[in-house]
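# Secondary and tertiary structure notes
Next come the chains, spelled out residue by residue.
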Amino acid sequence: MSDIAERITEIVIEHMGVYPDQVTPEARFLEDLGGDSLDVVELVMALEDDFGIAIPDADVEGIKTVQDAIRYVEAAGRT
């Protein structure tokens, strides 16, 4: 697992209040991890703060799974 993936997993665990074994690449924030729209907003803000990136609202809609978040941060090119 990459450093980015590990950091995102830790952020998801902390902000979604889930167990580590629930956070798989395929896990969907709403359906699988029991989050709501506020949880997703807080998660996006945490990702922005931790990785020093800005995620436009239009892009948030495409971040539905843990893997989506990993890909987005990797594409932003920052760690």
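All figures in this text were calculated on a predicted structure; none of them were measured in a lab.

### Quick word on the environment of G34
With respect to the element layout, G34 can be found in the loop between helix 1 (3-16) and helix 2 (37-51). With relative accessibility at 61%, the residue G34 sits in the exposed group. In sequence terms G34 and G17 are 17 residues apart; their C-alpha atoms lie 9.4 Å from each other. With residues up to four places along the chain from it excluded, the contact list for G34 reads F29 and D39.

### A few points about the UniProt feature "modified residue: O-(pantetheine 4'-phosphoryl)serine" (unreviewed entry) in the chain
UniProt feature "modified residue: O-(pantetheine 4'-phosphoryl)serine" (unreviewed entry): in the numbering of this structure it lies at S37. Mapped onto the secondary structure, S37 falls in helix 2. Exposure remark for S37: the relative accessible area of 57% places this residue in the exposed category.

The rules behind these values
Residues numbered from 1 in each chain as written. Predicted model: local features only at pLDDT ≥ 70, side-chain atom pairs only at ≥ 80, totals over all residues. Heavy atoms only, no water. Helix = DSSP H or I, 4+ residues; strand = E, 2+ residues; numbered from the N terminus. Buried < 20%, exposed > 50% of the residue type's maximum accessible area, 1.4 Å probe, protein only. Contact = heavy atoms within 4.5 Å. UniProt positions renumbered as here; feature names shortened; annotations may be inferred.

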